[in-house]
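So the chains spell out like this:
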Amino acid sequence: MKKFVNDVDAMLREALAGMVEAHPQLLRVEFEPTFVARRERAANKVALISGGGSGHEPLHAGFVGRGMLDAACPGQVFTSPTPDQMLAAAAATETGQGVLFIVKNYAGDGMNFQMASEMLETENATVLVNDDVAVENSTHTTGRRGVAGTLVVEKMVGALSEQGATLAECKALGDRVNAATASMGVAFTSCTVPAAGRPTFDIGPDEIEIGVGIHGEPGRRRAAHMPADEIVRTLMDAILGDLKAQAGRQVLLHVNGFGGTPLMELYLLHHAANRRLEAEGLKPVRSLVGNYTTSLDMAGASLTVSLLDDELVSLWDAPVHTAALRW
């Protein structure tokens, strides 16, 4: 295993320090307990807090900033953050308008964020993201997993919160965006967790894992490698079958890399997926392509489709200034 690492146990702390040093105008980091927050506390808005295991960067800390999250709580690699991190993040960011937790549907995340919600004296609510259509249950979840659609929820709810919406309004929007979003991924290789020092799973040189999870969890099936158009057809069949969108609907297409796939290939996937959407009579009016919800060094990608209306287009287009997203 070759990685840029000094001490595995200090890797997260050193990475977060480097991130904040690279974006000092945007971010600050606190340790013991650990969270990343906006450099300046926002005024008079619902505080949005997310988090999860590290290894998925830029999710979540890369989305802290104006127009998205107020704070992110990173755990160790693929390990949930703890309730004390969420409570400290809430204390550092809430402004009297309440706290909204945005949580990916994994057992550890769900349990720890629920504990924080129950312990927090400030009014709060939770949006549970479960956009992965690959499987209903996995080794990490009860029900569908939360994957790249989390970014879409965080962006749109972040924009609404920035406009001064109430906690109930932000919660309702988050649930609506989640229900209108579906994702599915495919992996060519495993990821390698630094502390383990070996690939999480074994996969043959001519095999792919269809429906893989962002921690390397099994997907729907193992298959022989196939052309990109066939991979896109397989993923889009599942995504569109779940969304059941009517022809003429506007959609957002998000092509997400898992960390080890060149951008050239991600744009190729976008081309194939865009053609499929248009063939179904859908209108891909917004796109995002890149590595946003990664799995360390895994080679692979996921497709996410979100159904849009005029309000959601406006929220997607609203200004955002974070380390990983800016427009």
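Numbers given for residues are sequential positions, taken from 1 along each chain in its written order. Where local features are concerned, this predicted model is filtered to residues with pLDDT of at least 70; where side-chain atom pairs are given and counted, the filter is 80 or more; whole-chain, interface and lining totals use all residues. The side-chain quantities take in all heavy atoms of the structure and omit both hydrogens and water.

Engineer: I'd like a description of the pattern of salt bridges, backed by residues and values.
Structural biologist: We define a salt bridge as a side-chain nitrogen of Lys or Arg found within 4 Å of a carboxyl oxygen belonging to Asp or Glu. Throughout the structure, instances matching the rule amount to 20 salt bridges. Notably, a salt bridge pairs R38 with E162, separated by 3.0 Å at the nearest N-O pair. One end of the pair, R38, is in strand β2 (residues 35-38); the other, E162, is in helix α4 (residues 149-162), with 124 residues separating them in the sequence. The exposure class of R38 is buried, given its relative accessible area of 9%. Note that E209 is salt-bridged to R222, the shortest N-O span being 2.5 Å. Of the two residues, E209 sits in strand β9 (residues 207-210) while R222 sits in strand β10 (residues 221-224), which places them 13 residues apart along the sequence. The rule is simple: take the accessible area with a 1.4 Å probe, protein chains only, and divide by the maximum for that residue type; under 20% is buried, over 50% is exposed, in between is partly exposed. Residue E209 is classed as buried on the basis of its relative accessible area of 6%. Given the relative accessible area of 36%, R222 is considered partly exposed. Strands here are runs of E lasting at least two residues and helices are runs of H or I lasting at least four, both read from the DSSP assignment and numbered beginning at the N terminus.

Engineer: Which residues make up the packing of aromatic side chains, and what values do they have?
Structural biologist: Aromatic rings from Phe, Tyr and Trp, taking only the six-membered ring of Trp, are treated as a pair when their centres fall within 6.5 Å; an angle between ring planes under 30 degrees marks them as stacked, one over 60 as edge-to-face, and anything in between as tilted. The full count for this structure, using the stated rule, is 3 aromatic pairs. Centroid distance W316 to W327: 5.5 Å. Interplanar angle 50°. Geometry classified as tilted. Of this pair, W316 sits in helix α8 (residues 310-317) while W327 sits in the segment after β14 (321-322), and the two are 11 residues apart along the sequence. The exposure class assigned to W327 is partly exposed, which follows from its relative accessible area of 38%. Criterion for a charge above a ring: Arg CZ or Lys NZ at most 6 Å from the ring centre, at most 35 degrees from the ring normal. Directly above the aromatic system of F31 lies the positively charged group of R13, at a separation of 4.1 Å from the ring centroid.

Engineer: An account of the sheet that holds strand β13 (residues 300-307) is requested, with residue identities and associated values reported.
Structural biologist: At least two DSSP bridges between two strands are required for those strands to pair. Pairing is mixed across the open sheet formed by 6 strands, whose spatial order is β10-β9-β8-β13-β11-β12. The two strands at the open ends of the sheet, each matched to only one other strand, are β10 and β12 (283-290). Neighbouring strand axes in the sheet, compared pairwise and without regard to direction, differ in orientation by 20° on average. The axes are straight lines fitted to the C-alpha atoms, using for helices just the contacting stretch, and the angles between their N-to-C directions are given from 0 to 180°.

Engineer: Can you break down the pairing of strand β7 (residues 124-129) residue by residue, with the values?
Structural biologist: Taken together, the 6 bridges between strand β6 (residues 99-104) and β7 define a ladder with parallel strand orientation. Of the residues in β7, the one forming a bridge with K104 is V129. Crossover handedness is defined here as right-handed if the route from the first strand over the helix to the second strand goes clockwise, with the strands pointing away from the viewer. Crossover β6 to β7 through helix α3 (residues 107-119) is right-handed.

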